[in-house]
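Structural features, examined
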Amino acid sequence: PNKEKSLVDLDMDKIEKVKLMIEKNLEKNLGDVFSFLRKYALIVEEGENEYPTYASLLLFSKEPLRQTDIQIGLFQDEVTIKKNKIIRQDLISEVDEVMDFIKSYILKEYIITGHPRREEKWQYPIGAIREIVINAIIHRDYQEGTHSQFRIFFDKLVIWNSGWLPFDLTLDDVKTGKRQSK
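Notes on the structure in this doc start here.

Scoring rules and cut-offs
- Residues numbered from 1 in each chain as written.
- Predicted model: local features only at pLDDT ≥ 70, side-chain atom pairs only at ≥ 80, totals over all residues.
- Heavy atoms only, no water.
- Helix = DSSP H or I, 4+ residues; strand = E, 2+ residues; numbered from the N terminus.
- Rg over C-alpha atoms; globule rule 2.2 N^0.38 Å.
- Contact = heavy atoms within 4.5 Å.
- Lys, Arg positive; Asp, Glu negative; His and termini not counted.
- Charge placed at Lys NZ, Arg CZ, Asp CG, Glu CD.
- Phe/Tyr/Trp six-rings, centres within 6.5 Å; stacked < 30°, edge-to-face > 60°.
- Lys NZ or Arg CZ within 6 Å of the ring centre and 35° of its normal.
- Buried < 20%, exposed > 50% of the residue type's maximum accessible area, 1.4 Å probe, protein only.
- Expected span 1.5 Å × (residues − 1).
- Pairing = 2+ DSSP bridges.

**Re the overall build of the protein**
Along the protein, the regular secondary structure elements total 6 helices and 8 strands. Across the protein, helices and strands are ordered from the amino to the carboxyl terminus as α-α-β-β-α-β-β-α-β-β-α-β-β-α. A globule of 182 residues ought to have a C-alpha radius of gyration of about 16 Å, yet the protein, at 20 Å, is considerably larger. For the protein, the C-alpha atoms occupy an extent of roughly 60 × 55 × 35 Å along the three principal directions. In the protein, the share of contacts with a sequence separation of at least 24, taken over all contacts with a separation of at least 6, comes to 48%. Taking the 28 positively charged and 31 negatively charged side chains of the protein as two groups, their mean positions are separated by 5 Å.

Below is the structure:
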């Protein structure tokens, strides 16, 4: 729990939106917003008080948090940035904003097939890109203080988070296939 914050620091509209999405996927009612937060351990009761967890603040904070910063840019080469943006929102909204930025700068082909609708083919599979973006956001260490970076080049995408290998795993182990990172 974050005892420096209270439940009034959470955006109830954001919580309701996510709760409804989960209810639709599970096909069951999760109760009111507070029941939902308790069920997923996003608020913690201590004595007579309830506090938001750090996770609930990352997901539903009313105010943007510096911890969630994402730096995203369009690069001409390794040192020339054509366009850049810092995204500072809740984690759920950041996924869509990163995806919108990426889709604005990767190539999309329109293929005329003779059918009523043309086919659209992206430079990279959008579903795979979305999965990579979600994983980068989910698996980031938010206590460390470094932001995620997404770099878009004409011929590649580079996604970066800080991190280390587990203490008993070396880069040579991974490169040679002796062991796999988990």
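Additional details are given in the paragraphs that follow.
**Side note on the packing of aromatic side chains**
Scanning the entire structure with this criterion turns up 3 aromatic pairs. Of note, Arg-151 hangs over the ring of Phe-75, and the distance from its end group to the ring centre comes to 5.7 Å.

**Quick look at unusual backbone geometry**
Leaving glycine out, the prevailing phi sign among residues is negative, and the prevailing peptide bond configuration is trans. A positive phi angle, close to 55 degrees, is found at Glu-27, a residue other than glycine. On the secondary structure map, Glu-27 appears in the loop between helix H1 (12-26) and helix H2 (33-39). Of note, Ala-41 is a non-glycine position whose phi angle comes to about 55 degrees, a positive value. Here Ala-41 is to be found in the loop between H2 and strand E1 (43-46).

**Some remarks on the side chain of Lys-19**
Here Lys-19 shows up in helix H1. Given the relative accessible area of 5%, Lys-19 is considered buried. Dropping the residues within four chain positions of it, Lys-19 is found in contact with Leu-30, Gly-31, Asp-32, Val-33 and Phe-36.

**Notes on helix H4 (residues 91-105)**
Helix length check: H4, at 15 residues, gives a terminal C-alpha distance of 22 Å against a target of 21 Å (1.5 Å per residue), a fit within 8%. Within H4 the residues assigned to the buried category are Leu-91, Glu-94, Val-95, Glu-97, Val-98, Met-99, Phe-101 and Ile-102. Against the buried residues of H4 lie helix H3 (54-60), strand E3 (70-75), strand E4 (81-87), helix H5 (126-138) and strand E7 (148-152).

**Details of the pairing of E1**
As defined by bridge partners, E1 adjoins strand E2 (residues 49-52) across 4 bridges and the pair is classed as antiparallel. Residue Val-44 lies in a different strand from E2, and its bridge partner there is Tyr-51. If you look at the hairpin formed by E1 and E2, you'll find 2 residues sitting between the two strands, and Gly-47 has a positive phi there, around 65 degrees.

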